[in-house]
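# Observations on chain architecture
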Amino acid sequence: MNIITIEHIAKIYQVGSEQVFALRDVSLTIDKNEYVAIMGPSGSGKSTLMNMLGCLDTPTSGLYKFKDQNVGLMDDNDLAAIRNREIGFVFQTFNLLPRSDALHNVELPLIYAGVSSKERKERAASALDSVGLADRMHHKPNELSGGQRQRVAIARALVTNPSIILADEPTGNLDSKTGEDIMSLFNQIHEHGNTIILVTHEEYIAEHAARIIRLKDGLIEKDEFVENRYIPNNKSVIQ
Amino acid sequence: MRHFLFELKEGLMISLRAIRANKIRSVLTTLGIIIGVASVVLMSTAIKGINQAFQSGVSSLGSDNLYIDKWSWFNNDTPWWELRNRENITIEHYAKFKELAQLPLAVAPSIFTNQSIKQGDKTVQFILVVGTNQDYIKTTNLTFASGRFFSELENNSSRNVIVLGSEIAKQLFPTGGGLNETIKIKGIKFKVVGILEEQGSWVMGNFNPDNQAFIPIDNIFKYFMSEAWGSVTINVRAPNSLMVNEVKEEAEGIMRRIRSLKFDEKNDFSINQQEGLLNEINKTIGVIQMAGLVITGLALFVGAIGIMNIMFVSVKERTKEIGIRKAIGARNRTILGQFISESAIICLIGGAIGLGLAIVGSMIIAQFDFPTTISADAVVLAIVISLLTGIFSGFAPAYTASKMDPVDSLRYE
Ligand SMILES: Nc1ncnc2c1ncn2[C@@H]1O[C@H](COP(=O)(O)OP(=O)(O)OP(=O)(O)O)[C@@H](O)[C@H]1O
Ligand SMILES: [Mg+2]
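Being a predicted model, the structure only gives us computed values, none of them experimental.

## Things to note about the pattern of salt bridges
Applying the stated rule across the entire model yields 24 salt bridges over all chains. Across the pair A:Glu224 and A:Arg214 runs a salt bridge, and its minimum N-O distance is 4.0 Å. Linking A:Glu224 in strand 10 (residues 219-225) with A:Arg214 in strand 9 (residues 211-216), this pair joins segments that are ten residues apart in sequence. For A:Arg214, a relative accessible area of 18% corresponds to the buried category. Between B:Lys122 and B:Asp121 there is a salt bridge whose closest N-O contact spans 3.9 Å. Through salt bridges with shared partners, one network takes in B:Arg318, B:Glu321, B:Arg325 and B:Glu342.

Here it is as structure tokens:
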């Protein structure tokens, strides 16, 4: 089943009198339980595309259908609801609320989903547990390592059981060992049936995915399945 | 409805978290509103106190009373020199008036002089010594702590007897008693035949019966002033307040006859009345109220601007937080509510502190015999005002926050 269908998407920024074509003409479909990496040089439009797919941003032109709903017709509230229920974001810079502990950070999407306090706490705790942070629930972000922060962010992305996880350079701020841990976590999430799209600069990170889309100057240069997909054997983290 | 309550509760929780996370800024923010609310509450309480004091003071005069006088209490249209040039009202005028007047319940003359009263080594200064006769008591509602008013006999034979107001008695006889004691005015001995209960209110100053003493009227002329100097006031009490106007009309006619005024001549006397005094006081209080409103309104406005300013800074500083919240599903309205309730809570806390300060302040002021008690409506006023200020000053910043573009705000550093 197609989760995402985009057809001839363009995103044009007006900077002064100049037009910047972040995306020129992009079409693609993404199925349930796919694991896609988006690659490309800096400025090629990867983040722009991710924001579009994540309903944070709207295209200048083109069609975007998320689970057969036309996103172009939605208002701010509908978009917020889709982001809340269907999409889990993981960012390069983690983007946790600095003054709240891990548990509250993970709870937050559930608050906006209208889940009662008790159920929220349980679900947030079990999400933190599943990323191996059961003993760090009441730590603030600045009391956690980079890898642990990213795990909190992943727990926050997972806690609403979204249809799709979007990760924009999730290992960009981590050393390669910690990055590898995060990637095996993504692998397990994928094996649990989740759909994942991640942006990366690193070829070896991209090879964890089953499909790589290469962007250049706002266009898809290449869209292919990975033949020798790298599957981490470390299964210690997710149960 | 359930959903609304859920959102409200969660919004409040989020706001409380944010306030706790930014303690110092929140405290600074509240300062403006603390001062604003404290001044509003104190001001409204003070005005109420003043008002009550005046009302009760004035009504102690009695609403059924008329005072026929050379002078007008309110000099509205008659020029001052015209009043001064009026012929004095004399004790003979009074006697004739009393003879002719049919309607009044009681009529009594009065004239006063400022004196010091001595008893042993104690002196009370600037006392209004009122010269009158035995009928004076019937024109008032005075009540006695001990003794009585002087009698017709004592009056007619100009005995040296005196009735003391409660405050004077308290000062001359701090340990109580005083009845049948002798006091001195200008070296002349008077026997105390009565002491009044506490009557009036501090706003009346010397006109408060508590600070007055009463002696037979002839003694005033005998000891303290020449009859030619003073003008007597004729105190007239109507049988009830419905008859005040009739009594007044009759009094005017009689006075014109006594003064032999022709039909086209103006009155050369004034008939004063508590009602006029009340109107005047209400006017004054209205002015005080307006001034108070403007001043405290300004204080609140400055406070509100301060809060708005800090909320704008706060929104700007937390742009990234807003981006994060939106990315994980906060709606514009939720963000709007979050910041408005943050500002409202800050203001409510500030309002509560301001109210506390006002209560302490009014307790301090009450030490100086100024009647202030913070009433329930002042509390409600404080709460409503701080809530409204919070919502008012939080709205623009909150609206800005709610309209922020999620992508832009996530990229904000
Ligand atoms: N808000 C904006 N206003 C103007 N131009 C923008 C804006 N956002 C992005 N762009 C431009 O769009 C193009 C694509 O940007 P985008 O952030 O998608 O690149 P990217 O592929 O994610 O790059 P990187 O690998 O460096 O993160 C760039 O040329 C960028 O300058
Ligand atoms: Mg990027």
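## Comments concerning the pairing of strand 3 (residues 35-39) of chain A
Residue and element names in this part refer to chain A. Within strand 3, five of the five residues are buried, leaving the element largely enclosed by the surrounding structure. On strand 3, burial covers both faces: Tyr35, Ala37 and Met39 on one face and Val36 and Ile38 on the other are all buried. As defined by bridge partners, strand 3 adjoins strand 8 (residues 195-199) across four bridges and the pair is classed as parallel. Residue pairing in the sheet places Ile38 in a bridge with Val199 of strand 8. Bridge count between strand 3 and strand 9: four bridges; the pairing is parallel. By the bridge assignment for strand 9, Val36 is matched with Arg211.

## Focus on the domain arrangement of chain B
Interface size is often expressed as the accessible area that is lost when the parts come together. Each assigned domain of chain B is listed here: domain 1 (2-57 + 279-411) and domain 2 (87-268). In this structure, domain 1 of chain B and domain 2 of chain B have C-alpha centres spaced 54 Å apart.

## Considerations on a nonpolar patch on the surface
All names here are of chain B. A cluster of nonpolar side chains, contributed by Leu348, Ile383, Leu387 and Ile391, occupies part of the molecular surface with about 290 Å² of accessible area. The greatest single-element share of the nonpolar patch, amounting to three residues, is contributed by helix 12 (residues 376-402). With respect to the secondary-structure elements, Leu387 resides in helix 12. The class for Leu387 is partly exposed, based on a relative accessible area of 34%.

## Here we look at helix 10 (residues 319-327) of chain B
All names here are of chain B. Summarising burial for helix 10: nine of the nine residues are buried, a large majority. For helix 10, every residue scored as buried is listed here: Thr319, Lys320, Glu321, Ile322, Gly323, Ile324, Arg325, Lys326 and Ala327. Phi for Gly329, located one or two positions after helix 10, is positive at around 115°.

## Structural notes on the environment of B:Leu142
All names here are of chain B. Its place among the elements puts Leu142 in the loop between strand 3 (122-132) and strand 4 (144-147). Distance in space between the C-alpha atoms of Leu142 and Thr29 is 54 Å, their sequence separation being 113 residues. What Leu142 contacts, discounting residues up to four positions off in sequence, is Tyr136, Ile137, Leu196, Gln199, Pro209 and Phe214.

## What about the site of ligand 1?
Around ligand 1, the surrounding shell holds 15 residues, and the nearest of these are A:Ser42, A:Gly43, A:Lys46, A:Ser47 and A:Thr48. Surrounding ligand 1 are residues belonging to chains A and B, so the site spans chains. At 2.7 Å, a side-chain N or O of A:Ser47 approaches an oxygen atom of ligand 1. Contact between ligand 1 and A:Thr48: an oxygen atom at 2.5 Å from a side-chain N or O atom of the residue.

## Section: the confidence of the model for chain B
The predicted model of chain B averages 86 in pLDDT, with 94% of residues at 70 or higher. The ipTM assigned to the predicted complex is 0.94, against a pTM of 0.74.

## Comments concerning empty space enclosed by the protein
All names here are of chain B. Per the stated rule, a full pass over the model turns up three cavities of 30 Å³ or more. Quantified by volume, the largest cavity comes out at close to 70 Å³. Lining of the largest cavity is provided by Ala18, Ile19, Asn22, Arg25, Ser26, Thr29, Ile310, Met311, Ser314, Glu342 and Ile346. Those elements that place two or more of their residues in the lining of the largest cavity are helix 1 (2-21), helix 2 (23-59), helix 9 (274-317) and helix 11 (332-366).

## Notes on the interface of chain A and chain B
Counting residues at the interface gives 26 residues for chain A and 22 residues for chain B. Summing both sides of the interface, chain A and chain B together bury roughly 2,200 Å²; the carbon and sulfur share of this comes to 60%. Along the contact surface separating chain A from chain B lie six residue pairs in polar contact (both at pLDDT 80 or more). Breaking the side of chain A that touches chain B down by element, the ones donating at least two residues are helix 2 (76-86) and helix 3 (102-113) of chain A. In terms of residue class, the side of chain A that touches chain B is built from eleven nonpolar, nine polar and six charged.

Conventions we followed
Residues numbered from 1 in each chain as written. Chains lettered and ligands numbered in written order. Predicted model: local features only at pLDDT ≥ 70, side-chain atom pairs only at ≥ 80, totals over all residues. Heavy atoms only, no water. Salt bridge = Lys/Arg side-chain N within 4 Å of Asp/Glu carboxyl O. Helix = DSSP H or I, 4+ residues; strand = E, 2+ residues; numbered from the N terminus. Buried < 20%, exposed > 50% of the residue type's maximum accessible area, 1.4 Å probe, protein only. Pairing = 2+ DSSP bridges. Domains from an automatic or database assignment. Patch = residues over 30% accessible without salt bridge, like charges linked within 9 Å, V, L, I, M, F, W, Y side chains within 5 Å. Areas by Shrake-Rupley, 256 points an atom, 1.4 Å probe, with all protein chains shown as cover. Contact = heavy atoms within 4.5 Å. Near = heavy atom within 4 Å. Polar contact = N/O pair within 3.5 Å; in protein donor to acceptor, adjacent residues only side chain to side chain. pLDDT = per-residue confidence, 0-100. 1 Å grid on protein atoms, 1.4 Å probe; cavity = no way out; pocket = protein on both sides within 12 Å on 5 of 7 lines; lining within 4 Å. Points joined across faces, edges and corners; volume = space filled by probe spheres on them. Buried area = accessible area lost by both parts, 1.4 Å probe. Nonpolar A, V, L, I, M, F, W, Y, C, P; charged D, E, K, R; others polar.

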